[in-house]
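Examining the three-dimensional arrangement
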Amino acid sequence: MLESGGRECRAGGGGLGRGLESLIPGIGVDASRGATNSVDIDSLEPNPFQPRVRWDDEQLETLAASIREHGIIQPILVSRRGTTQPFQIIAGERRWRAAQRAGLTSVPILVREATPSQILELALVENIQRADLNPIEEALAYRQLTVEFGLKQAEVAERVGKSRPAIANAIRLLSAPESIREAIANELITAGHARALLSIEDPILQEQVLQQVIRLGLNVRDTERLAQRSITEERRRPATQRLDPTLQSVQSSLQRALGTRVDISRGKSGGRIVISFHSDDELSTILAQIAGKDPLDDFDI
């Protein structure tokens, strides 16, 4: 099925569990049979269980342009559970948001009653069908189904058409440090990258490898090799060369501030800070952050 201006629903690859029809019987009723109504667009309110946090502005504008030309082909699924408006969206919030941008005053709806758990399931399945969720949003929705609604991971897997290990691996991403979760959400790395990084127990080393992966644009396989090599090197490093917690914190702060690997070593009478760079442009950026301007501007380097 194609949503106007949207992506093709992925019906292959094992399907999506029981599907929308089985979660709420009658959802697949043909709109041509008079099962839909047209209502004021302002009579709808967003889905409070919507797993999607980020809405791509460009995609919404593309869909809005399509809706201006063709209208809304697929009705928005709603319930009468609205708290501030008569209807609450179950599935189709992206179409509703795009319709608002397109200047529509009314939208077609299909009214079905659903429990809060069903509303979350439907919103989750709809987003997965269109590949609209980033891995962190997807993992948060899975955890909500298990924690708030008491479903077992196997039950969640059945509902969304995935294996239980896939659900477990997704939820495991939520244990990652904020920097890794943000990198995933911003599409700087994938869930596969994150799983490789989670094999590193030392948080300082983990942050170092993360920055290298982003800076060098490494693929998942290269990230796995880099993570394993870094773990091996760290284990071989003499305990006397390892930093105390205070300097580890300083090293981590410098890495975040400069966006590159920083190594601090300390001896009896002093120490040194080594800042890594991989191109002239990167060196200029680092020097500008440290000195307030780029010292290389005065030299031909």
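Heads up: the structure comes first, above all this text.
A short tour of the structure in this document, coming up. (Residues numbered from 1 in each chain as written. Predicted model: local features only at pLDDT ≥ 70, side-chain atom pairs only at ≥ 80, totals over all residues. Heavy atoms only, no water.)

Regarding its fold elements, the chain presents 13 helices and 7 strands. Counting all 301 residues of the chain, 43% fall into the buried class. At a minimum sequence separation of 6, the contacts of the chain that also span at least 24 residues come to 67%. For the chain, the exposed area adds up to about 16,200 Å²; of that, 49% sits on carbon and sulfur atoms. (Helix = DSSP H or I, 4+ residues; strand = E, 2+ residues; numbered from the N terminus. Buried < 20%, exposed > 50% of the residue type's maximum accessible area, 1.4 Å probe, protein only. Contact = heavy atoms within 4.5 Å. Areas by Shrake-Rupley, 256 points an atom, 1.4 Å probe, with all protein chains shown as cover.)

Right, let's get into the pattern of salt bridges. Taken as a whole and assessed by the stated rule, the structure comprises 7 salt bridges. The partner of Arg 68 in a salt bridge is Glu 61, and the shortest N-O contact between them spans 3.4 Å. Here Arg 68 falls in the partly exposed class, since its relative accessible area comes to 44%. Between Arg 101 and Glu 61 there is a salt bridge, and its shortest N-O distance comes to 3.3 Å. On the criterion of sequence distance, the pair formed by Arg 101 in helix 3 (residues 93-102) and Glu 61 in helix 2 (residues 57-70) is long-range, its members being 40 residues apart. What makes Glu 61 partly exposed here is its relative accessible area of 34%. When salt bridges that share partners are traced, they join Asp 57, Glu 61, Arg 68 and Arg 101 into one network. (Salt bridge = Lys/Arg side-chain N within 4 Å of Asp/Glu carboxyl O.)

The subject of this paragraph is the pairing of strand 5 (residues 106-111). For strand 1 (residues 37-40) and strand 5, the ladder comprises 4 bridges, and the chain directions are antiparallel. Across the sheet, Val 39 pairs through a bridge with Val 107, a residue of strand 5. Pairing of strand 3 (residues 76-79) with strand 5, which is carried by 3 bridges, proceeds in the parallel orientation. Following the sheet pairing, Val 78 is matched in strand 5 by Val 111. (Pairing = 2+ DSSP bridges.)

Right, let's talk about helix 2 for a bit. Counted at 1.5 Å a residue, the expected span for helix 2 with its 14 residues is 20 Å, and the 20 Å between its end C-alpha atoms agrees. Of the surrounding secondary structure, the elements contacted by the buried residues of helix 2 are helix 3. Following helix 2 by one or two positions, Gly 71 has its phi on the positive side, about 80 degrees. (Expected span 1.5 Å × (residues − 1).)

Within the largest apolar cluster, 43 residues are counted, with the highest numbers of intra-cluster contacts made by Leu 124, Tyr 142, Ile 167, Ile 180, Ile 184, Ile 189 and Val 209. By size, the runner-up hydrophobic cluster in this structure holds 20 residues, among which are Val 78, Ala 99, Val 107 and Val 111. (Core = buried A, V, L, I, M, F, W, Y, C linked by side-chain atoms within 4.5 Å.)

These figures capture arrangement, not role.
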